[in-house]
Amino acid sequence: MLRLKPEFDLHRDVVSDILRKEASVCRVTEYSGAVDTRILNIERDGGILYSWQGATGTTRIGKYDSNTKQNKLLYTFDKQVCVSSCSLNKEETLLAVSLAQNTRGEERLKPISKCLTLLIEIHPISNTKVLKAVDCRVKVQFLVSETDRRSVLESHLLLLTEDGYVDLYHVLLTRQEGYRVVMANPERLSKTAERIAEDFCWVQWDGHTQRLYYVTLNDKFLMRCIQFYPNHNCETVLELPLELPANPFHTVKFVNLGFDHYHTERLEQELIRMEVFTNKIGSMCVCYSQPLKDKQELIYTVVLVHKDCSKAFRVSLGSDQSPQRAAQLHPLFIPIGYYVLVYLQGHFLHCINTRQQEMLCHSLFLSGIDVDLGLQCQSASITVLHAEEEPSGRLLDLASGRIHTAELSPAYLLQILRTDTPPGCPSSKTEPQRLAALHCLLVYMGNNPNLELKIVEWLCDNVNAFESFDQIQEFILASLYRICYEKSLSLDKVLPYSSVFDKKEVPMCLLEIPGVLCTTELHIEPVIKGKARSLQGFWSELQWNTEKTKYLDAVPNPRYRTSHIQADWDKLRSERRPSSHMNHIEENAKKVLSMVDTWCLDKKLVPLFQEEDHQQRALIGLTADKLREHLNRHLLRLGKKKIDLLVLNYVAKLLELVRHMLESVWLKHKLGPRVLCLKQQGSPAEWSVFHFMFRILEATRDLCLPLPPGYHTLLAVFAVRCLPHHTFLQYIDHGVLQLSETFVSRLMTDLDNSDANERLKFSILKRLPQPMEQRIYHMWDHPVSSASISRDYVRTLLEKHNKNKGFAFTGRDKPGFRPEFLPLTYLAKILSDIEEQALNPFEEQENVDARFVEETALKQTLILLGFEGK
């Protein structure tokens with residue numbers, strides 16, 4: 001499931017170098033003694049602090065620079081000591097160390113205490129100041145400032161104690177003799193200490209963001225976050241109530257504050273394991289687990305602060321628990337991008353999608369003893385290293401001293417897609433996993449063209465829709481979502497990313513995980529306070545995301561659904577006259593198609609975007625217009641320019657996706673230009689392409705999505721070659737196929753006038769609108785087309801003559817008149833109009849000589865037609 005890349009190996013990168021140095025100290029060519037090397041801390045710049053017992057009975061502290069790959073000796077104790085915590089300031093002039101009492105030797109540090117905390121000057125090594133000597137564990141951690149203020153020499157140190165309080169020391173430094181950096185007033189150091197937190201039972205440090213999270217208990221459990229600013233001031237910026245069990249921690253739990261090799265908690269004693277993960281886009285997840293040993297169950301909760309909700313999962317672990325497995329009932333929480341992996345070795349892996357959390361089917365859940373992350377050790381020895389800026393996770397195996405970067409394996413996810421459902425197993429068992437894997441591949445990993453090509457190949461091999469979802473619709477919507485999801489977390493609730501939401505009834509297999517009970521709690525009430533409200537960056541984004549989530553939860557239909565424009569599309573198609581609205585739609589289409597043309601200059605394998613398709617142009621423009629209107633209504637904060645660009649990219653990418661799918665299937669079946677020739681019957685390969693194109697049409701029609709201009713022409717070409725003529729005509733009558741002028745003109749010219757082809761041509765002509773029918777007749781060399789052209793010509797001449805004489809056609813054709821002989825029809829038309837315009841004499845007089853009226857009327861008609869003079 002994970003693709004692990006080695007980043008650091010303690011033995012390779014550190015121990016081998018130590019052995020050389022110890023050999024030089026002992027003046028031997030090769031040092032043969034054992035070196036007990038232990039990782040102590042990992043600083044923000046990636047530097048790894050470690051200690052080892054020297055050959056001469058000393059304890060040394062060194063640093064491995066991950067950038068230069070070099071080791072550096074920082075300090076040497078003249079005796080063996082137990083270093084339980086260590087931190088180095090950014091300028092590498094001060095070293096803070098906590099020493100645990102050495103119970104193994106007879107000699108003890110004085111004054112006798114459980115922990116001695118020292119601040120040591122190491123540039124050069126000179127003065128040492130005792131900060132604390134207490135009977136509880138103490139963790140040390142230097143703050144790191146982004147600013148480089150060389151005029152002021154100062155460092156700031158956190159001391160975190162097992163008694164549940166945090167002190168912040170402000171250490172002023174001074175430069176002596178041009179190069180020596182020493183503490184300015186070491187005797188006043190204790191007076192600079194500032195108490196910034198107390199009465200906590202759990203604390204976590206995030207060095208990359210300079211944040212401190214801690215949990216306190218008054219009436220209820222409350223997690224607070226302290227943000228340290230570049231000017232070294234700090235304040236509480238977040239308060240979040242948590243639902244934790246009573247007495248969740250036996251002792252104060254330190255997270256991400258170095259590694260204490262002299263104090264190890266027994267795993268089975270941990271009631272709660274808890275960690276916080278953030279992402280710079282403005283997401284925050286609080287994860288904690290609680291094993292229920294008496295019921296052999298595990299409850300793990302993921303609080304999605306940015307989504308204003310929390311999800312609790314209850315999983316049964318089975319009754320056959322060995323003592324070793326029973327001691328490892330706490331899962332690993334591994335952040336990878338916007339996914340949080342919950343992994344319990346030998347039981348399950350839950351890859352939780354923290355952005356698309358509304359349905360369980362968008363998070364991948366795998367269970368069974370065969371679930372394996374690819375780790376070469378027990379998960380109990382793994383520590384997850386936190387880094388907000390890095391999309392991949394970092395795992396430290398303390399037992400071996402190795403650090404790996406961890407990424408989700410696309411090969412593993414592709415394997416999930418391709419795995420056939422076992423015989424006798426319902427597809428509902430595997431389809432949710434396929435859907436989750438597909439979304440992970442398309443959205444999280446989708447910027448890889450080779451990966452996208454493999455997914456399209458899978459679509460070609462699995463053309464028919466699955467029972468619970470349409471994979472082509474998912475491919476289109478998830479790929480479109482990918483191009484803009486990084487703009488804002490609020491787009492998750494505004495843009496469509498799955499066709500599941502358009503279903504009238506969602507299949508149950510997509511709403512639940514077998515054997516897992518999920519409960520969702522809305523409105524978790526995080527409170528963002530202080531300067532964070534006016535800050536740019538993470539806190540500003542988190543605050544806006546939470547407030548926008550509350551707003552979108554309250555308004556009806558916040559998510560744009562492509563199928564909702566069907567009514568507007570039907571209305572637009574019924575418009576016959578140009579209007580300002582139609583002109584606006586056409587302008588939208590021009591902008592989108594110009595962008596597609598820019599992308600596709602070197603991609604002309606499939607004949608698309610090469611003709612005017614007025615219907616598809618109108619749908620392209622309407623889609624862009626409605627999407628822009630929706631985003632402006634709900635996400636005006638993005639700005640109109642960004643929204644306009646986002647909309648154009650979105651619709652252009654839709655057309656590009658369809659072209660990409662066609663190109664892939666085109667290459668797969670090795671089709672060439674001959675497929676456009678209508679004289680040959682379709683081959684099995686062409687039939688497969690036609691079937692795939694028909695599925696794309698079906699998928700996009702259900703969602704009311706536009707297709708590239710030329711798509712319907714290409715589909716009709718394949719249809720007339722692959723289908724029997726009567727079936728082809730039925731497809732037209734049912735609206736499945738659209739007859740474009742390009743296709744019909746090619747059909748008239750490419751096919752001969754055999755009996756079967758004539759019948760097909762006449763059948764198509766009867767189905768064309770009149771303006772297109774008249775244009776098509778000019779392309780077909782046939783007596784019927786010649787007669788039609790002649791009739792049109794005579795009608796045009798007579799209409800011109802009629803206009804010159806000053807007559808207007810005021811009435812409609814009589815039902816009895818048939819326009820086979822146009823001169824006679826014209827004469828009858830004139831007489832009928834004159835008759836309707838004349839006054840009815842029978843209304844004025846009762847006694848009329850009918851014979852006289854008839855003769856007079858005939859005489860006037862002859863004069864009017866020019867056969868007699870007056």
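Every value quoted in this text rests on a predicted model; they were computed, and no experiment measured them.

Topic: the side chain of Asp-492
Phase 1 of the analysis: Here Asp-492 is to be found in helix 7 (residues 491-494).
Phase 2 of the analysis: Engagement of the side chain of Asp-492 in a polar contact is seen with the side chain of Lys-307, the distance being 2.8 Å.
Phase 3 of the analysis: Excluding residues within four positions of it along the chain, Asp-492 makes contact with Lys-307, Arg-355, Tyr-481, Tyr-497 and Arg-559.

What about the environment of Glu-486?
Phase 1 of the analysis: Along the chain, Glu-486 turns up in the loop between helix 6 (471-482) and helix 7.
Phase 2 of the analysis: Residues Glu-486 and Ile-281, 205 residues apart in the sequence, show an inter-C-alpha distance of 7.5 Å.
Phase 3 of the analysis: Excluding its chain neighbours within four sequence positions, the residues that come into contact with Glu-486 are Ile-281 and Arg-355.

Brief notes about the sheet that holds strand 27 (residues 364-367)
Phase 1 of the analysis: Strand order in this open sheet of four strands is 24-25-26-27, and the pairing throughout is antiparallel. Because the sheet does not close on itself, it has two edges, and the strands there are strand 24 (332-336) and strand 27. Strand-to-strand twist of the sheet, defined as the mean angle between neighbouring strand axes without regard to direction, takes the value 15°.
Phase 2 of the analysis: In the packing of helix 4 (residues 431-444) onto the sheet, contacts are made with strand 24, strand 25 (339-344) and strand 27, and the angle to strand 27 comes to roughly 130°.

Examining the packing of aromatic side chains
Phase 1 of the analysis: Under the definition given, this model contains 23 aromatic pairs.
Phase 2 of the analysis: Between Phe-690 and Phe-694, the ring centres sit 6.4 Å apart and the planes meet at 35°, which makes this aromatic pair tilted. Highlighted residues: Phe-690 and Phe-694, both in helix 13 (residues 684-702), separated by four residues, approximately one helical turn.
Phase 3 of the analysis: Grouped by ring-pair contacts, the aromatic residues Tyr-338, Tyr-339, Tyr-444, Tyr-481, Tyr-485, Tyr-497 and Phe-501 constitute a single cluster.
Phase 4 of the analysis: The ring of Phe-538 has Arg-211 lying over it, and the distance from NZ or CZ to the ring centre is 4.0 Å.
Phase 5 of the analysis: Above the face of the Tyr-338 ring, Arg-355 is positioned so that its terminal group lies 6.0 Å from the ring centre.

Focus: the nonpolar core
Phase 1 of the analysis: Within the largest apolar cluster, 147 residues are counted, with the highest numbers of intra-cluster contacts made by Leu-341, Leu-408, Leu-631, Met-661, Tyr-711, Phe-728 and Phe-743.
Phase 2 of the analysis: Of all the elements, helix 12 (residues 640-668) adds the most residues to this core, at 15 residues.
Phase 3 of the analysis: Of all hydrophobic cores here, the second largest spans 28 residues; its members include Cys-201, Val-215, Cys-225 and Leu-238.

Quick look at helix 12
Phase 1 of the analysis: Spanning 29 residues, helix 12 covers 42 Å between terminal C-alpha atoms, matching the ideal 42 Å at 1.5 Å per step.
Phase 2 of the analysis: Of the residues flanking the end of helix 12, it is Lys-670, one or two places downstream, whose phi is positive at about 55°.

A few points about the pairing of strand 3 (residues 48-53)
Phase 1 of the analysis: By the criterion of burial, strand 3 is predominantly enclosed, with six of the six residues buried.
Phase 2 of the analysis: Hairpin remark: strand 2 (residues 37-42) followed by strand 3, antiparallel, with five residues in the connecting loop; positive phi at Gly-46, about 90°.
Phase 3 of the analysis: Here strand 3 pairs with strand 4 (residues 59-65) via six bridges, running antiparallel. Across the sheet, Trp-52 pairs through a bridge with Arg-60, a residue of strand 4.
Phase 4 of the analysis: Hairpin connection, strand 3 to strand 4: the antiparallel pair is bridged by five residues, and Gly-57 has positive phi, about 80°.

The rules behind the values
By convention here, each chain's residues receive numbers from 1 onward along its written sequence. pLDDT decides what is reported in this predicted model: residues at 70 or higher carry local features, side-chain atom pairs at 80 or more are listed and counted, and totals for whole chains, interfaces and linings draw on all residues regardless. Each side-chain value is worked out from all heavy atoms of the structure, with water and hydrogens disregarded. The way it works is that DSSP assigns letters per residue, a run of H or I at least four long becomes a helix, a run of E at least two long becomes a strand, and they are numbered from the N terminus. Pairs of N or O atoms within 3.5 Å make up the polar contacts considered here, provided that, within protein, one atom can donate a hydrogen while the other can accept it, and that residues adjacent in sequence are counted only when both atoms are side-chain atoms. In this analysis, two residues are considered to be in contact whenever any of their non-hydrogen atoms come within 4.5 Å of each other. By this definition, two strands are paired if DSSP reports at least two bridges between them. To define axes, lines are fitted to C-alpha atoms, for helices over the stretch in contact only, and angles between the resulting N-to-C directions are given on a 0 to 180 degree scale. Centre distance within 6.5 Å is the pairing criterion for rings of Phe, Tyr and Trp, where only the six-membered ring of Trp is used; planes under 30 degrees apart are then read as stacked, over 60 as edge-to-face, and the remainder as tilted. In our convention, an over-ring charge means Lys NZ or Arg CZ found within 6 Å of a ring centre and within 35 degrees of that ring's normal. Grouping buried Ala, Val, Leu, Ile, Met, Phe, Trp, Tyr and Cys residues that are joined through side-chain atoms within 4.5 Å yields what is termed a nonpolar core. Throughout, exposure labels follow a simple rule: accessible area from a 1.4 Å probe, protein chains only, divided by the maximum for the residue type, with under 20% read as buried, over 50% as exposed, and the rest as partly exposed. By this rule, a helix spans an expected 1.5 Å times one less than how many residues it contains.

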